[in-house]
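# Coordinates in review
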Amino acid sequence: MKSEAEINKSRIEPKPNTIISCRKDGKDNALAVGLAANASLEPAMVIIGIVPSRYSYPMIKETGQFVVNIPAKNYADEFMYLGTVSGTDEDKLANLNTCDADIIDAPILIDCPVNFECTVIDSITPENGTHELFIGKIEKVHCDKEYLEDGLIQWDKIDLL
């Protein structure tokens, strides 16, 4: 039988790494997440998983909005910081470059080359699972111009984290 440490080491590591940003009642936050993937191509949707004890969880649960920010390798320190510090302890976005999303009410991490504004259309908590899975419809995509060609993101040109 495997130990809990062995089980945790055997999980799938999704790529690219993602940072989810959100806002509730004027308070912004962001966290690194270990579960983010495409959920549908048409309409475009993503799925993210968040542990209910995380500071951002009620922000997303109650507002139904979030941004998926895709960092490049030069954002590794910020990614580590956002994944290890809680928004209950400090304003994690105070020293990061952000702007307001265009369609939803949430911050965008502008130093990430790709950002997806999303509205929650459904969520599920698997029985005995650790994460609630939020399915978000992509409302708008932001991408740095140097990574676009004919309106498509050129993922191979981004040095993803």
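Figured I'd write up the structure that's included with this text.

Reading the values: rules and limits
Residues numbered from 1 in each chain as written. Predicted model: local features only at pLDDT ≥ 70, side-chain atom pairs only at ≥ 80, totals over all residues. Heavy atoms only, no water. Pairing = 2+ DSSP bridges. Helix = DSSP H or I, 4+ residues; strand = E, 2+ residues; numbered from the N terminus. Axes fitted to C-alpha atoms, helices over the stretch in contact; angles between N-to-C directions. Contact = heavy atoms within 4.5 Å. Polar contact = N/O pair within 3.5 Å; in protein donor to acceptor, adjacent residues only side chain to side chain. Buried < 20%, exposed > 50% of the residue type's maximum accessible area, 1.4 Å probe, protein only.

## A look at the sheet that holds strand E8 (residues 114–124)
- If you trace the seven strands from one edge of the open sheet to the other, you get E2-E1-E5-E8-E9-E4-E3, paired in antiparallel fashion. Looking at strand neighbours, the two that pair on one side only are strand E2 (27–33) and strand E3 (36–41), the edges of this open sheet. Sheet twist, expressed as the average angle between the axes of neighbouring strands with direction ignored, equals 35°.
- With seven bridges joining them, strand E1 (residues 18–24) and E2 adopt antiparallel strand pairing. Across the sheet, residue Ile-19 finds its bridge partner in E2, namely Ala-32.
- Of the strands in this sheet, E1 and E2 are in contact with helix H3 (residues 76–84), which crosses E2 at around 105°.

## Brief notes about the side chain of Glu-132
- Considering the arrangement of structural elements, one finds Glu-132 in strand E9 (residues 132–143).
- At 2.3 Å, the side chain of Glu-132 and the side chain of Tyr-57 are in polar contact.

## A few points about the pairing of E1
- For E1, a buried count of six out of seven residues is recorded, marking the element as mostly surrounded by other parts of the structure.
- Hairpin connection of E1 to E2: two residues between the antiparallel strands, including Asp-25 at a positive phi of 50°.
- The sheet contact formed by E1 and strand E5 (residues 65–70) spans three bridges and is antiparallel. Residue Ile-19 lies in a different strand from E5, and its bridge partner there is Asn-69.

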